[in-house]
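Fold and geometry: a report
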Amino acid sequence: MRTLTCLLCVILLSLTGCAAQIVVTEIGNNVEPGEAINGFPFRIPKRFEVVIFEKSDQGYQEVKTKPIPVTIADPDRLFALNFKSQMFSSATMEVTVNPDNTIQEVTLTSKTTGAKTLTALGTQIDSLATAEQARKNAVKAAETASASALLAADKAKQAADLATLLYHTVLAKANATPVELLKAAQAERTAQLNANEKARLANRPPYFPDVTP
């Protein structure tokens with residue numbers, strides 16, 4: 001899966017208040033273009049299973065491979081991110097957004113003229129929000145790596161099958177030279193070893209268990 005370049009979108013909002021608190025509201029997909037909403041719109045990541053289709057002369061044909069798990073923005077749910085505060089302080093919220101409109105990081109800071117404990121509370125909220133987003137980012141990265149490993153394993157298996165077919169084609173030639181036979185056999189073995197290694201990296205059993213280094 002191609003790594004998406006994160007787009008930094010900073011939302012600076014200042015309000016008067018005592019303690020700042022993040023507010024998330026689900027607004028649905030029925031919002032009209034240009035309609036005002038109470039906050040910054042975003043979507044949440046959701047895991048799907050993707051089936052690959054290949055375009056041919058007969059139209060799009062499904063590629064007979066195992067569905068690939070991917071995580072993308074949920075198109076069916078839309079949320080608004082905002083925050084609230086009370087008197088005698090100001091708060092600032094910074095939001096880092098991915099290109100698919102999911103949130104990468106949220107930081108909420110507040111300055112208060114009241115007791116120091118209120119400032120500490122605002123900092124604690126920031127830390128909790130940042131830690132939770134970091135956990136979600138780690139889960140997303142692991143899912144992306146797993147999908148990439150599965151794709152690499154499938155491609156390596158296809159390459160090994162092709163190498164086997166080419167080897168048997170050389171074997172069938174009546175005038176095949178020993179050098180041609182040796183090259184074809186070595187190419188098949190190398191492709192099978194590579195497919196086994198890609199399967200291991202994808203936590204799959206080896207495609208060719210009898211072929212070992």
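Residues numbered from 1 in each chain as written. Predicted model: local features only at pLDDT ≥ 70, side-chain atom pairs only at ≥ 80, totals over all residues. Heavy atoms only, no water.

1. Observations regarding the overall build of the chain
Per the secondary structure count, the chain includes two helices and 10 strands. Reading the helices (α) and strands (β) of the chain from amino to carboxyl end gives β-β-β-β-β-β-β-β-β-β-α-α. Split into buried and exposed, the 213 residues of the chain put 28% on the buried side. Contacts spanning at least 24 positions in sequence make up 69% of the contacts within the chain whose residues lie at least 6 apart. Per element, the accessible surface of the chain, about 14,000 Å² overall, is 59% carbon and sulfur. (Helix = DSSP H or I, 4+ residues; strand = E, 2+ residues; numbered from the N terminus. Buried < 20%, exposed > 50% of the residue type's maximum accessible area, 1.4 Å probe, protein only. Contact = heavy atoms within 4.5 Å. Areas by Shrake-Rupley, 256 points an atom, 1.4 Å probe, with all protein chains shown as cover.)

2. Some thoughts on helix 2 (residues 178–201)
Two residues of an α-helix separated by three or four positions point the same way, owing to the 3.6 residues in each turn. Under the 1.5 Å per step criterion, the end-to-end length of helix 2 is 35 Å for 24 residues, consistent within 8% with the ideal 34 Å. Once helix 2 ends, the next one or two residues include Asn203, with phi positive near 60°. (Expected span 1.5 Å × (residues − 1).)

3. A short note on the nonpolar core
Counting residues in each nonpolar core, the largest one holds 13 residues, and the members touching the most others are Leu81, Met93, Val95 and Ile103. Within the residue set of this core, elements represented by two or more residues are strand 3 (40–42), strand 8 (79–84), strand 9 (89–97) and strand 10 (103–112). Counting seven residues, the second largest nonpolar core, distinct from the first, contains Ala156, Ala160, Ala195 and Val211. (Core = buried A, V, L, I, M, F, W, Y, C linked by side-chain atoms within 4.5 Å.)

By themselves these figures say nothing about function.
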